[in-house]
Amino acid sequence: MNLTFSLIKPGAMQHCEEILMAIKAEGFSIIAMKTQHLTFSQVEIFYKEHRDKSFFHEMCEGLTQGPVLLVVIHEKKGIETPLRFRTLLGATNPKEALPGTLRARFGVDINSNAVHGSDSKISAIRELSFFFSGIEIGFDITDY
Ligand code: CMP
């Protein structure tokens, strides 16, 4: 899988340019992106796997505080792009993330952890097609 999905969270939008530069510096390319102010119910659907977790409500509130940047990440010769991109993100909790990772650099706490990235090929396909159409991505997601 040489595509993955990323979302820059409201708390990190002021660092958008730096985050995008860091992503490109790691050899990823950005083939589509758009800014959107998500509604509570869009976030609830997007993160439905977490709906029974204690942090779910707080997480949905954080993600609806302001606009987010939705990003399609691509690697020409990538085979494990979701995994490699997650390495650049660092641990979910910025306090546990390795120095230099995006969450260590731009995250505030576990809820406001700067950037989301799909955790597998299956998630990437679901998350990309949740926010982007084939014509925006430039790929037919059903080929993956
Ligand atoms: P993300 O990778 O976007 O996926 C789900 C989000 O839930 C996660 O990043 C965190 O920002 C948020 N979250 C808040 N509390 C927790 C927690 N205790 N464990 C995991 N994720 C959490």
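Reading the values: rules and limits
- Residues numbered from 1 in each chain as written.
- Predicted model: local features only at pLDDT ≥ 70, side-chain atom pairs only at ≥ 80, totals over all residues.
- UniProt positions renumbered as here; feature names shortened; annotations may be inferred.
- Near = placed C-beta within 6 Å.
- Nonpolar A, V, L, I, M, F, W, Y, C, P; charged D, E, K, R; others polar.
- Buried ≥ 20, exposed ≤ 12 C-beta atoms within 10 Å, placed from the backbone.
- Helix = DSSP H or I, 4+ residues; strand = E, 2+ residues; numbered from the N terminus.
- Arc of directions from axis to C-beta.
- Contact = placed C-beta atoms within 7 Å.
- Core = buried A, V, L, I, M, F, W, Y, C linked by C-beta atoms within 7 Å.
- Pairing = 2+ DSSP bridges.
- Axes fitted to C-alpha atoms, helices over the stretch in contact; angles between N-to-C directions.

The name that an unreviewed UniProt entry assigns to the protein chain is Nucleoside diphosphate kinase, with the source organism given as Holospora curviuscula. Here the protein chain is described in UniProt, under the heading Sequence similarities (unreviewed entry), as follows: "Belongs to the NDK family." In its Catalytic activity (unreviewed entry) section, UniProt records this for the protein chain: "a 2'-deoxyribonucleoside 5'-diphosphate + ATP = a 2'-deoxyribonucleoside 5'-triphosphate + ADP".

**Q** So what's going on with the site of the ligand? Which residues, and what values?
**A** If you check the shell around the ligand, you find Y47, H50, F55, M59, T92, I110, N111, N113 and H116 and nothing else. Taken together, the residues of the shell around the ligand break down into four nonpolar, five polar and no charged.

**Q** An account of helix α4 (residues 81–89) is needed here, citing residue identities and associated values.
**A** The complete set of buried residues in α4 reads T81, P82, F85, R86, L88 and L89. One side of α4 holds all its buried residues, which, seen down the axis, span an arc of 155°. Tucked into the core, α4 has its buried residues touching β1 (3–8), α1 (16–25), β3 (68–74), α5 (102–106), β4 (115–117) and α6 (121–131). One or two steps after α4, the chain reaches G90, where phi turns positive at roughly 90°.

**Q** Outline α6, supporting the account with residue identities and numerical values.
**A** Three or more residues of α6 are buried, namely A124, E127, L128 and F131. Buried residues of α6 fall within an arc of 100° about the axis and therefore sit on the same side. Turned more than 90 degrees away from the buried face of α6, the exposed residues are I122 and F130.

**Q** Can you lay out the UniProt feature "binding site: ATP" (unreviewed entry) in the protein chain for me, pointing to particular residues and giving the numbers?
**A** What UniProt calls "binding site: ATP" (unreviewed entry) maps, in this numbering, to K9, F55, R86, T92, R103 and N113. You can see K9 is positioned in the loop between β1 and α1. Judged by the 22 C-beta atoms lying within 10 Å of it, K9 is buried. Judged by C-beta crowding, with 15 C-beta atoms within 10 Å, T92 ranks as partly exposed. Setting aside residues no more than four positions away along its own chain, T92 makes contact with I110 and N113.

**Q** Go over unusual backbone geometry with me, naming the residues and quoting the values.
**A** For residues that are not glycine, phi is negative in most cases, and the peptide bond is trans in most cases. Located in the positive-phi region is A114, a residue other than glycine, with phi close to 75°. Positionally, A114 belongs in the loop between α5 and β4. The exposure class assigned to A114 is buried, which follows from the 24 C-beta atoms found within 10 Å.

**Q** I'd like to hear about the nonpolar core, residue by residue, with values.
**A** Ranked by size, the top nonpolar core spans 28 residues in total, and within it I8, I19, V72, I73, L102, V115 and L128 carry the most contacts. Counting residues per element, this core draws most heavily on β3, which supplies five residues. Sequence-distant contacts of I73, that is, excluding residues within four places in its chain, are made with L3, T4, S6, I23, F28, I30, T81 and F85.

**Q** Account for the sheet that holds β4, naming residues and giving values.
**A** Strand order across the open sheet formed by four strands is β2-β3-β1-β4, with antiparallel pairing between neighbours. Of all the strands in the sheet, just β2 (29–36) and β4 have a single pairing partner and so form its edges. Strand-to-strand twist in this sheet, taken as the mean axis angle between neighbours without regard to direction, amounts to 20°. Relative to β4, β1 runs antiparallel, the two sharing three bridges. The residue of β4 that forms the bridge with L7 is H116. α1 contacts β1, β2, β3 and β4 of the sheet and is inclined by roughly 160° relative to β2.

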